[in-house]
Amino acid sequence: MESLQKMPTLMPREKLLKLGAEALDDSELLAIFLRTGIKNCSVMELSRVVLDHFGSLRQLISADQKAFCNVKGLGITQFIQLQASTEMTKRYLLQELEMAQAFTRPELVRMYLQAELEHKEREVFLVLFLDNQHRLIKKEEMFLGTINTAAVYPREIVKSALFCNAAAIILAHNHPSGIAEPSNSDRFITEKIQKVAELVEIRVLDHFVIGKGCYVSFSEKGWL
């Protein structure tokens, strides 16, 4: 049998152009972002060192400026670029929601909400207001809490929904603890909002609880 010729190893940029971005692993994607290595350390080696230090891309992206810049090979320029890239991703997803029917694209809603809420250090209660075709009218951070609680007022949510002529809403809040499992109070306030909204014929399509790298959807659980 003739031996198969070994395929040449592609550098990350070449691999992306030839096979698409999804073919790259985390270290290769990060290497493209970093662009260059440091003395006695190639960009691929640096990329692996950085990922080992933070543990994952998610933890790298959520690192604060001090933790990020304390790593050899990283600095304020890369930190600014990463923050800008992350914000562009959020805005892209938000603009997709403005064009898509959110109820038929739950994965898009979930991706946006995770990008928006996952790294918040305080609890944030966010509402997506949708038109009668379930396209996004606006998003609003309605309530801010302490590290583990937020006071939520259903009448304020419904008031905002009526003001923008929303036909439906999607609720979301984060758990800064990182654990997405809804509490009894989460379920109680959701039922309360749903009852108040029904009085003015506004549908509550879902309530997402966002943790660190995880989420719970009330709709998927059959609670709505």
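The notes below deal with the structure included here. Keep in mind it's a predicted model, so treat the numbers as computed, not measured.

Moving on, we get to the overall build of the chain. Assigned secondary structure in the chain consists of 10 helices and 5 strands. For the chain, the C-alpha atoms occupy an extent of roughly 70 × 45 × 30 Å along the three principal directions. Out of the 224 residues in the chain, the part that is buried amounts to 41%. Within the chain, contacts between residues at least 6 apart in sequence are counted, and of these 55% link residues at least 24 apart. For the chain, the computed accessible surface area is about 13500 Å², with 53% contributed by carbon and sulfur atoms. Taking the 27 positively charged and 28 negatively charged side chains of the chain as two groups, their mean positions are separated by 4 Å.

With that out of the way, let us pick up the packing of helix α2 (residues 26–34) against helix α3 (residues 43–54). Axis separation between α2 and α3 bottoms out at 8 Å; the angle between their running directions is 115°. α2 and α3 meet at a crossing whose hand is right-handed. Contact residues: α2 offers D26, S27, E28, L30, A31 and L34, while α3 offers V43, M44, L46, S47, R48, V50 and L51. Residue classes in the contact of α2 with α3 are distributed as 8 nonpolar, 2 polar and 3 charged.

What follows covers the environment of I80. Relative to the elements of secondary structure, I80 occurs in helix α6 (residues 76–99). Between the C-alpha atom of I80 and that of L144, which follows or precedes it by 64 residues, the distance is 26 Å.

This part is about the packing of aromatic side chains. Counted according to the given criterion, the structure contains 5 aromatic pairs. What links up through ring pairs into an aromatic cluster is the set F125, F143 and Y153. Sitting over the face of the ring of F129, K138 holds its NZ or CZ atom 5.2 Å from the ring centroid.

Spatial strand order, β2-β1-β3-β4-β5: 5 strands in an open sheet with mixed pairing. In the strand order of this sheet, the two ends are held by β2 (136–144) and β5 (215–217), each with one partner. Going across the sheet, the axis of each strand differs from the next one's by a mean of 20°, ignoring polarity. In terms of strand pairing, strand β1 (residues 124–130) meets strand β3 (residues 168–174) through 6 bridges, oriented antiparallel. Each bridged residue has a counterpart across the sheet, and for L130 the counterpart in β3 is A168.

This part covers the packing of helix α8 (residues 154–163) against helix α9 (residues 184–198). In a pair of packed helices, the angle between the axes and the distance between the axes together describe the arrangement. Where α8 meets α9, the axes come as close as 9 Å, and the angle between the chain directions of the two elements is 45°. Relative to α9, α8 is oriented oblique. In this structure, the crossing between α8 and α9 has a hand that is right-handed. Contact with α8, carried on its side by P154, I157 and V158, involves I189, K192, I193, V196 and A197 of α9 and no other residues of that element. For the contact of α8 with α9, a count of residues per class yields 7 nonpolar, no polar and 1 charged.

Core analysis: the biggest nonpolar cluster contains 20 residues, and L113 and L128 have the highest contact counts within it. Looking at this core element by element, the count peaks at 5 residues for helix α7 (residues 106–117). When neighbours within four sequence positions are excluded, L113 is seen to be in contact with E118, L126, L128, A172, F208 and I210. Within the second largest apolar cluster, 18 residues are counted, among which are A161, C164, I193 and V204.

Looking now at the pairing of β1. Counting buried residues along β1, 7 of its 7 residues qualify, which places the element largely inside the surrounding structure. The two faces of β1 match: V124, L126, L128 and L130 on one face and F125, V127 and F129 on the other face are all buried. Alignment of β1 against β2, held across 7 bridges, turns out to be antiparallel. From the neighbouring strand, V127 faces β2, where its bridge partner is E140. Two successive antiparallel strands, β1 and β2, enclose a turn made up of 5 residues, where H134 displays a positive phi of approximately 60°.

Each value, and the rule that gives it
Residues numbered from 1 in each chain as written. Predicted model: local features only at pLDDT ≥ 70, side-chain atom pairs only at ≥ 80, totals over all residues. Heavy atoms only, no water. Helix = DSSP H or I, 4+ residues; strand = E, 2+ residues; numbered from the N terminus. Buried < 20%, exposed > 50% of the residue type's maximum accessible area, 1.4 Å probe, protein only. Contact = heavy atoms within 4.5 Å. Areas by Shrake-Rupley, 256 points an atom, 1.4 Å probe, with all protein chains shown as cover. Lys, Arg positive; Asp, Glu negative; His and termini not counted. Charge placed at Lys NZ, Arg CZ, Asp CG, Glu CD. Axes fitted to C-alpha atoms, helices over the stretch in contact; angles between N-to-C directions. Left-handed = near helix turned anticlockwise from the far one by under 90°. Nonpolar A, V, L, I, M, F, W, Y, C, P; charged D, E, K, R; others polar. Phe/Tyr/Trp six-rings, centres within 6.5 Å; stacked < 30°, edge-to-face > 60°. Lys NZ or Arg CZ within 6 Å of the ring centre and 35° of its normal. Pairing = 2+ DSSP bridges. Parallel < 35°, antiparallel > 145°, perpendicular 65-115°, else oblique. Core = buried A, V, L, I, M, F, W, Y, C linked by side-chain atoms within 4.5 Å.

As far as function goes, none of this settles anything; it's purely spatial.
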